[in-house]
Amino acid sequence: MRLQFILLLTLGTVFSASANSDSLMMRHISDHIMMKGKCYDDLRVLCKDIGNRLSASPEAEKAVIWGKKTLEDAGADRVWLQPVSVPHWHRGNERLAFSFEEANGKMSVNMTEVKMTSLGNTVGTDGKMLTAPVIMVNDFDEFAALPRKEVEGKIVYFNYRFRQDLIHTFKGYSDAGPYRWKSPSIASRKGAVAVIIRSVSTGLDDAPHTGSLGYEEGVRPIPAVAIGNTTADMLERKFKKGKVSATIQSDCKMMENKISYNVIGEIKGSEHPEKIVLVCGHLDSWDIGEGAHDDGAGCVQSIEVIRAFKELGIKPKYTIRAVLFMNEENGLKGGYAYADSAKSRHEHHILGIESDAGGFSPRGFSLDMSEEQIAQITAYKKYFEEYGVYNFGERHGGADITPIHRAGMPAAGLLPDVQRYFDLHHTENDVFEKVNHRELKLGAVVMAQLIYLISEHGLVNE
């Protein structure tokens, strides 16, 4: 009994010393990034000197060069480019105008053009004017009830609202997102000639949101555009008074794929270099705005993790790898290319952490892994509470790491405060000025802290 007591006392002292050491290092990491971190300056260069970065664009290629140099300057032991074949979608010129006829038929008003944006990957009108009557439906069930003869030759307006009652806005995005992804195919199957959607947006403004759609195989592609919430509210009122027609004109088209690159930098592990802890964001953005929150923030935070480890002299036991993925927005080709490469090289990733939810104040980590692994990381919650991080209850990772997660890698995602993200997401308003330097740095802090803990203690069942 006395021997057991001494053993337990000794183990308790060791664990206490380890916990104290971890807490101190987490404080060092926080102080260093908050006082000396360069991620905010990096983001300024990415947004202002390069700008938006749609895959296959000249700006995306400039971003690849910038990412490689910035990782090298951050002190990564090794930096390289991984080739990726990416889609090349061209937006070009685009316009949308409405005309209205009151129910009594005595008044017809031609409206001036409204703000709009074509949805990513959509076909256009070949620069020609497409004019047709518009029919409004509020959801898919309402559309499904319409006979084909009421849809043929018409433009369908899906007036589905982003649910404001869902406090976690990513749940609202999952709910409203299908109206962007699926509505062109659903409408085309009944003979519609185009689709307009109410933007997938929490914002009380008139900023239209773009984002990817996907045409079902065998369905005739039709043009698809989005309008902001203010215009959508106006349009809803007009339908109550009479008939609506619209004219769409756009140059959108898909061109031949191009070769681009994932940008990868790493610090080699001191004890287990064959085991990799991944931190990442995506380098591409939509072709409006500057891609500051989506996802310049995740890229510069990932680079900051490498920089902090090197500048603080931390020698991780496991290899720490930062990846700036290409083509998350309209293809996910970078994520698939990385997963394919990891498989062919027999690489062993023990954890991947993705930041792709904006550069707002961090509130937690989503965890998509085994229950034992979730328990281990959740046990670190006590270390993070002083940094405002408390939510470890979500169960998902991130888009770019989904392909390698399916191959067995435990996945995690940084969870920032979610209330403002879908005001800015995929709009012209996603610019550098909308990012707060302290919030951005704090996101880098907690990612570096979690990676430090995993690099010191590993992950159960790794």
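As a reminder, the structure under discussion sits directly above these lines.
Residues numbered from 1 in each chain as written. Predicted model: local features only at pLDDT ≥ 70, side-chain atom pairs only at ≥ 80, totals over all residues. Heavy atoms only, no water.

K.L.:
Is there a simple way to explain the overall build of the protein in this structure?
P.N.:
Secondary structure assignment for the protein yields 15 helices and 15 strands. Here the protein has a C-alpha radius of gyration of 25 Å; the compact-globule value for 462 residues is 23 Å, and the two agree. Considering only C-alpha atoms, the protein reaches an extent of 95 × 45 × 40 Å along its principal axes. Across the 462 residues in the protein, those meeting the buried criterion constitute 57%. When the accessible area of the protein is evaluated, it comes to approximately 19,600 Å², of which 52% is carbon and sulfur surface. Placing the 54 positive and 61 negative side-chain charges of the protein at their respective mean positions leaves the two points 2 Å apart. (Helix = DSSP H or I, 4+ residues; strand = E, 2+ residues; numbered from the N terminus. Rg over C-alpha atoms; globule rule 2.2 N^0.38 Å. Buried < 20%, exposed > 50% of the residue type's maximum accessible area, 1.4 Å probe, protein only. Areas by Shrake-Rupley, 256 points an atom, 1.4 Å probe, with all protein chains shown as cover. Lys, Arg positive; Asp, Glu negative; His and termini not counted. Charge placed at Lys NZ, Arg CZ, Asp CG, Glu CD.)

K.L.:
Where do I start with helix α8 (residues 229-241) in this structure?
P.N.:
In an α-helix, one full turn covers 3.6 residues, which means residues spaced three or four apart are oriented alike. The terminal C-alpha atoms of α8 lie 19 Å apart, and with 13 residues this matches the ideal 18 Å at 1.5 Å per residue to within 8%. Among the residues of α8, Asn229, Thr231, Ala232, Met234, Leu235, Glu236 and Phe239 are the ones counted as buried. (Expected span 1.5 Å × (residues − 1).)

K.L.:
Sorry if this is basic, but what is going on with the environment of Glu311 here?
P.N.:
Summarising the element assignment, Glu311 is placed in helix α9 (residues 292-311). Assessed through its relative accessible area of 42%, Glu311 is described here as partly exposed. With 279 residues separating them in the primary sequence, Glu311 and His32 have C-alpha atoms 8.8 Å apart. Ignoring anything within four residues of it in the chain, the contact list for Glu311 reads His32 and Lys38. (Contact = heavy atoms within 4.5 Å.)

K.L.:
Would you take a moment to explain the nonpolar core for this structure?
P.N.:
Nonpolar side chains in soluble globular proteins tend to end up buried together. Core analysis: the biggest nonpolar cluster contains 74 residues, and Leu283, Phe309, Leu351, Phe365, Phe384 and Ile454 have the highest contact counts within it. The element best represented in this core is helix α15 (residues 437-457), accounting for 12 residues. Aside from chain neighbours lying at most four places away, what touches Phe384 is Met26, Phe365, Val389, Phe392, Val446, Gln449, Leu450 and Leu453. Residues Tyr173, Tyr179, Ala226 and Leu424 belong to the second largest nonpolar core, which totals 27 residues. (Core = buried A, V, L, I, M, F, W, Y, C linked by side-chain atoms within 4.5 Å.)

K.L.:
What is the right way to read the packing of helix α2 (residues 39-50) against α15 from this model?
P.N.:
Packed helix pairs are specified by the crossing angle of their axes together with the interaxial distance, meaning the distance between the axes. Where α2 meets α15, the closest approach of the two axes is 9 Å, and the angle between their N-to-C directions is 115 degrees. Looking at the two axes, α2 sits roughly perpendicular to α15. Contacts between α2 and α15 involve Cys39, Tyr40 and Leu43 from the former and His437, Leu440 and Lys441 from the latter. Looking at the contact of α2 with α15 residue by residue, the classes come out as 4 nonpolar, 1 polar and 1 charged. (Axes fitted to C-alpha atoms, helices over the stretch in contact; angles between N-to-C directions. Parallel < 35°, antiparallel > 145°, perpendicular 65-115°, else oblique. Nonpolar A, V, L, I, M, F, W, Y, C, P; charged D, E, K, R; others polar.)

K.L.:
What is the right way to look at the sheet that holds strand β12 (residues 318-325) in this model?
P.N.:
Strands pair in a sheet through their backbones, by hydrogen bonds, and they do so in one of two ways: parallel or antiparallel. Reading across the sheet, the 7 strands line up as β1-β10-β12-β11-β13-β15-β14 and stay open at both edges, with mixed pairing between neighbours. In this open sheet, the two strands that pair with only one neighbour each are β1 (78-90) and β14 (362-368). With direction set aside, neighbouring strand axes in the sheet form an average angle of 20 degrees. Lying over the sheet, α9 contacts β10 (253-267), β11 (272-282), β12 and β15 (411-416), oriented at roughly 145 degrees with respect to β11. (Pairing = 2+ DSSP bridges.)

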